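# Examining the three-dimensional arrangement
The chain contents come next:
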Amino acid sequence: MQDNSTFRRIPTKDVSEVSALAQRIDALLPQTQCTKCGYAGCRPYADAIASGQASYNQCPPGGAEGVARLARLLDRPIIPLNPENGAERPRPRAVIDESLCIGCTLCLQACPVDAIVGAAKLMHTVIEDRCTGCDLCVPPCPVDCIEMVPVTGERTGWDAWSQAQADDARKHFEAHQARLEKEKAQREARLAARAARVAPSAPSAPAAEHGAPQVTEMRTTAAPVSSDTTAASIASPVADEAAAAAARKQAIIQAALERARQKKAALAAEGLGPKNTENVSANVQAQIDEAEARRKRLGLATSEEDPASDANQTPNRA
């Protein structure tokens with residue numbers, strides 16, 4: 001069981017002090033973003049330690065050395081790694097069996113450092129230097145084609161991970177988060193522009209019972225025209241910017257699709273192409289459909305939207 005006394009007495013005075021301490025703690029974490037500590041990433045875990053909500057022995061990738069580093073910073077005793085969060089181990093790397101990959105994109109969406117590349121219904125692959133061994137891509141894979149392979153021999157914890165690698169992983173994670181925020185903003189801009197284009201005119205106010213009804217009618221009928229004109233003038237630059245961003249994203253996606261198609265064709269020529277893209281189980285197909293629906297909501301291209309993609313894929317299917 002975890003000894004709660006190890007983190008209840010960490011002194012803090014105000015928000016600025018907690019934030020400064022959290023930043024120092026975060027600098028000592030391995031930045032694998034694996035969530036094994038029980039938090040959404042390394043910085044949220046650092047915030048929890050600094051505010052006294054979590055202990056400093058909940059990071060399996062950091063191992064015993066990681067606990068010792070945090071203990072020295074916090075002026076606390078060195079304690080064992082909490083087994084409830086996992087065990088210290090050699091650092092693994094994700095390896096995708098491309099002959100089994102069905103291109104569902106679920107692993108790609110789960111990776112916190114964008115170490116997986118691929119496209120819908122095309123095989124994915126791992127950028128070896130970026131993989132932090134977080135394991136997050138394994139659970140969502142519906143065909144169990146991802147294996148975590150140890151790559152550091154007997155070395156574990158910080159002996160299997162360097163500060164330079166941690167710094168790079170943090171940069172990749174921050175870039176990943178920034179990309180998600182940008183895509184969210186672009187999606188909201190598209191929705192706002194679309195709403196502005198289809199927004200109904202404001203209802204006319206009822207004519208006054210006394211006074212000059214003709215003047216009132218002229219004012220109420222002119223108001224919607226002015227409102228539409230204003231909405232159009234505001235929506236136009238937003239729509240243009242959103243369209244340009246969407247076009248750039250589409251070009252990037254199509255380039256990635258073309259590279260993936262070329263690689264798939266080369267593997268197919270060697271008899272190594274994906275063999276599991278047809279006749280999958282209902283459960284697997286449901287996960288694929290969900291992933292593709294999510295991609296459509298994000299405004300990303302799918303093979304259904306690219307007839308050439310389907311035409312190129314069909315001859316390679318079993």
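Residues numbered from 1 in each chain as written. Predicted model: local features only at pLDDT ≥ 70, side-chain atom pairs only at ≥ 80, totals over all residues. Heavy atoms only, no water.

Formed by 23 residues in total, the largest nonpolar core has its most connected members in Ala94, Ile96, Ile116, Cys145 and Ile146. Secondary-structure elements contributing two or more residues to this core are strand S1 (92-96), helix H5 (106-110), strand S4 (146-150) and helix H8 (282-297). (Core = buried A, V, L, I, M, F, W, Y, C linked by side-chain atoms within 4.5 Å. Buried < 20%, exposed > 50% of the residue type's maximum accessible area, 1.4 Å probe, protein only. Helix = DSSP H or I, 4+ residues; strand = E, 2+ residues; numbered from the N terminus.)

Tracing the backbone through its elements, the reader meets Gln33 in the loop between helix H2 (15-27) and helix H3 (42-50). A polar side-chain atom of Gln33 sits 3.0 Å from a polar atom in the side chain of Gln31. If sequence neighbours within four positions are ignored, Gln33 has contacts with Gly41, Cys42, Pro112, Cys134, Leu136 and Phe173. (Polar contact = N/O pair within 3.5 Å; in protein donor to acceptor, adjacent residues only side chain to side chain. Contact = heavy atoms within 4.5 Å.)

Two side chains bearing opposite charge may form a pair once their charged atoms approach each other closely. In total, this model carries 10 salt bridges according to the counting rule given. For Glu65, the salt bridge goes to Arg72, with nearest N and O atoms at 3.5 Å. Given the relative accessible area of 37%, Glu65 is considered partly exposed. Given a relative accessible area of 55%, Arg72 falls into the exposed group. Asp135 serves as the salt-bridge partner of Arg89, at 2.6 Å between the closest nitrogen and oxygen. With Arg89 in the loop between helix H4 (63-74) and S1 and Asp135 in the loop between strand S3 (125-126) and S4, this residue pair connects regions lying 46 residues apart in the sequence. (Salt bridge = Lys/Arg side-chain N within 4 Å of Asp/Glu carboxyl O.)

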